[in-house]
Amino acid sequence: MNHALVSLACHAYVVAALVYLVYLVRQMDALATGGRVLVGTGLALHGVALVGLFGAQGGRPVGVAQGFSTFAFLLLAIFLVVDVCYRKPVIGAFITPLAVAVLLPGLLLDGGQVLSPDVQRPLLPVHITIALLGMAASAVAAGVAVMYLLMERQVKGKRFGLLFSRLPSLEFLDTLNRRLVVVGFIALSVTLVTGAFFSSAAPGFFWTWTSKQIATLVAWAVFAALVGARSFGGWRGRRVALLTMTGFGLLLVSFLSSYDFIHVSGGWR
């Protein structure tokens, strides 16, 4: 049942992605509304499926599939909030295809493995949810950064084509990037602190310089530098966009390598 609901949600997301891509070419209010309805419907189905899945597992996050599925859910939830608040549906043309690509492994992979008893703690789902929330916020920020670079190229090259007339202003994209990066940075900071707590549950796991730990720490340093440079150095524009994309790339490496961090039988690592 849960898998069927996620499958239905994925179909809604795919159609929404197509709608937003069409909106990028021809901006019609009906397309924007349709995209929001499709994403909202998908999120409702997806949310019910995730609650049912985690409830059946006793509240424990298990398996690679749930990681991808939850990441996609949070990614689209953040996008929908941004779209409703700022009425910039064109962002969906860059975010919804990414969310579909993230969700597909959640549908195709087997998520039935279980965590090692050494790290099964009551608040572990909170830690993982915060980590995925930071990833999702950073992913949306990276998508906005891509839009900024595309728009900047049009402006500097004085080639005022389709994207110039469709994308939001550079000032708006820069401001939205800053807000999303702050959310991602806060979530990442909490993730590092709580991650050390949960890792210390197993002897020798506190800091072992795994690829996950290194990538997460470097990503945190990148976002810390970015937040500091914006706040105290007045950084804006292209270099901020490039650093945002770099930070998200490092988080993606951390996410994909996290399944080797905790010794389990093929489960959530």
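Analysis parameters
- Residues numbered from 1 in each chain as written.
- Predicted model: local features only at pLDDT ≥ 70, side-chain atom pairs only at ≥ 80, totals over all residues.
- Heavy atoms only, no water.
- Helix = DSSP H or I, 4+ residues; strand = E, 2+ residues; numbered from the N terminus.
- Expected span 1.5 Å × (residues − 1).
- Core = buried A, V, L, I, M, F, W, Y, C linked by side-chain atoms within 4.5 Å.
- Buried < 20%, exposed > 50% of the residue type's maximum accessible area, 1.4 Å probe, protein only.
- Contact = heavy atoms within 4.5 Å.
- Salt bridge = Lys/Arg side-chain N within 4 Å of Asp/Glu carboxyl O.
- Patch = residues over 30% accessible without salt bridge, like charges linked within 9 Å, V, L, I, M, F, W, Y side chains within 5 Å.
- Areas by Shrake-Rupley, 256 points an atom, 1.4 Å probe, with all protein chains shown as cover.

Visitor: Outline helix α5 (residues 124–156), supporting the account with residue identities and numerical values.
Guide: Here α5 spans 47 Å end to end across 33 residues, near enough to the 48 Å set by a 1.5 Å rise per residue. Backbone geometry just after α5 places Lys158 at a positive phi near 55°.

Visitor: Lay out the nonpolar core in plain terms, naming residues and giving numbers.
Guide: Val39, Phe71, Ile91 and Leu180 are the most contacted members of the largest nonpolar core, which totals 68 residues. Counting residues per element, the ones that place at least two in this core are α1 (2–25), α2 (29–56), α3 (63–86), α4 (92–108), α5, α7 (170–199), α8 (211–233) and α9 (238–257). Of all the elements, α5 adds the most residues to this core, at 16 residues. For Val39, the residues in contact, after removing those within four places along its chain, are Tyr13, Ala16, Tyr20, Leu76, Phe79, Leu80 and Thr96.

Visitor: Kindly report on the side chain of Arg230, identifying the contributing residues and their values.
Guide: You can see Arg230 is positioned in helix α8. Taking the relative accessible area as the measure of exposure, Arg230 reaches 13% and is therefore buried.

Visitor: Give a description of the pattern of salt bridges that names residues and reports values.
Guide: Tallied over the full model, the rule gives five salt bridges. One salt bridge connects Lys156 with Glu152, and the closest N-O pair in it is separated by 3.5 Å. Here Lys156 pairs with Glu152, and both are found in helix α5, just four residues apart, close to one helical turn. Among the salt bridges present, the one from Glu152 reaches Arg238, with a minimum N-O distance of 3.2 Å.

Visitor: Give me a nonpolar patch on the surface: which residues, what numbers.
Guide: A cluster of nonpolar side chains, Val146, Leu150, Leu242 and Met245, forms an exposed patch at the surface whose accessible area comes to about 260 Å². Mapped by element, the contributors of at least two residues to the nonpolar patch are α5 and α9. On the secondary structure map, Leu242 appears in helix α9. Its relative accessible area of 39% is what places Leu242 among the partly exposed residues.

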